[in-house]
Amino acid sequence: MTGDDRGEGALGDVGSGEDPLGHDGPGEHLLGHDGPGADGPEGPRAFAAALGLPGLVDVHTHFMPQNVLDKVWAYFDAVGPLTGLEWPITYREEEDRRVDILRGFGVRAFTSMLYPHKAGMARWLNGWAAGFAARTPDCLHTATLYPEPEATGYVAHALASGARVFKVHLQVGGFDPNDDLLDDSWGALADARVPVVIHCGSGPAPGKFTGPVPVGRLLARHPRLRLVVAHMGMPEYADFLDLAERYADVHLDTTMAFTDFSERLAPFPSDELPRLRALGHRILLGSDFPNIPYPYVHQLHALERLGLGDDWLRGVVHDNAAGLFRLT
């Protein structure tokens, strides 16, 4: 799969109207194709406009210090042997240009997902993210954490400073979310009702603390946590849908799910579509911008071709997150 989505994916040609999960699809795309030219500003903007929406809300976009982002990009440049597929980064641009691209797409609110891989990083990352949010008003002020003695203090500081969403990456961080050093922080986040986007599924490769069991234990201790399970919990989709049914504050984001790229690696089970529809009010648009190996609009078309209806789509790409983050 190349960055401009050329050729046939494992799920058929994008824009063919075929349902990638084997059910009757919605017919033609709202824009008709994902091919060359579809990912100009008019592509995602037209998608939102066709649904009668003022724009999109993307809860899973990445902005971070450039030296950290360079390391992330180097990882994806070398990830082919891990996934069996090359991972060209479609939006490898300077920071200001990336912000302009999202705005051009009609994304009215987004995040600066960032995360530490070792102790001593989170406070620094939070300081950078606070500055980024201050100069980028359409970015939801994002923060992160790591199991270390200082976590309680810097999480409290981030919340007092207006953080609206946290990001936790169990695979990269390699830590147990039930570490006692995080207990006070989880409690503070639950009390503040601030959502936490958490990469806890075992894709693209499992970690020691990925999968539904550690997160299930965390939710049993803090049932009011507003967790947003990244990537739909890929590949343990059914297990994380179970948690969403069990806990009223668990959401899931769509990041890379249902796309041709991810369906080759971890296909979403077609027998879970009824639950996906029923939980539609807790599904949020996520993209992984800029670190995606296809045009941004393909994520939108991948959602549309599930055939779950315009009301479901409106909730996922805008209304659910707009309500969760109290956007006006």
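Refer to the preceding data block for the structure.
Residues numbered from 1 in each chain as written. Predicted model: local features only at pLDDT ≥ 70, side-chain atom pairs only at ≥ 80, totals over all residues. Heavy atoms only, no water.

1. With respect to the packing of helix α1 (residues 42-50) against helix α13 (residues 296-304)
Helices that pack against each other are described as a pair by the angle of their axes relative to one another and the distance between those axes. Across the interface, α1 lies against α13 with an axial gap of 9 Å and an inter-helix angle of 30°. In terms of their interaxial angle, α1 and α13 are classed as roughly parallel. The two elements α1 and α13 cross, and the hand of that crossing is left-handed. From α1, G43, P44 and F47 reach across to α13, where they touch Y296, V297, L300, H301 and E304. (Axes fitted to C-alpha atoms, helices over the stretch in contact; angles between N-to-C directions. Helix = DSSP H or I, 4+ residues; strand = E, 2+ residues; numbered from the N terminus. Parallel < 35°, antiparallel > 145°, perpendicular 65-115°, else oblique. Left-handed = near helix turned anticlockwise from the far one by under 90°. Contact = heavy atoms within 4.5 Å.)

2. Section: α1
The complete set of buried residues in α1 reads G43, P44, F47 and A48. Buried positions in α1, seen along its axis, are confined to an arc of 130° and lie on one side of it. If you follow the buried residues of α1, they end up packed against β1 (56-57), α13 and α14 (310-324). Phi for G52, located one or two positions after α1, is positive at around 75°. (Buried < 20%, exposed > 50% of the residue type's maximum accessible area, 1.4 Å probe, protein only. Arc of directions from axis to C-beta.)

3. With respect to the packing of aromatic side chains
Applying the stated criterion to the full structure yields 13 aromatic pairs. Plain terms: the ring middles of F63 and F110 are 5.6 Å apart, the flat faces sit at 45° to each other, and that makes the pair tilted. In this pair, F63 is assigned in the loop between β1 and α2 (66-77) and F110 in strand β2 (residues 107-111), connecting sequence segments 47 residues apart. You'll find F63 and F110 in the same group, each marked buried. Centroid distance F63 to F132: 4.9 Å. Interplanar angle 25°. Geometry classified as stacked. Highlighted residues: F63 in the loop between β1 and α2 and F132 in helix α5 (residues 122-135), separated in sequence by 69 residues. (Phe/Tyr/Trp six-rings, centres within 6.5 Å; stacked < 30°, edge-to-face > 60°.)

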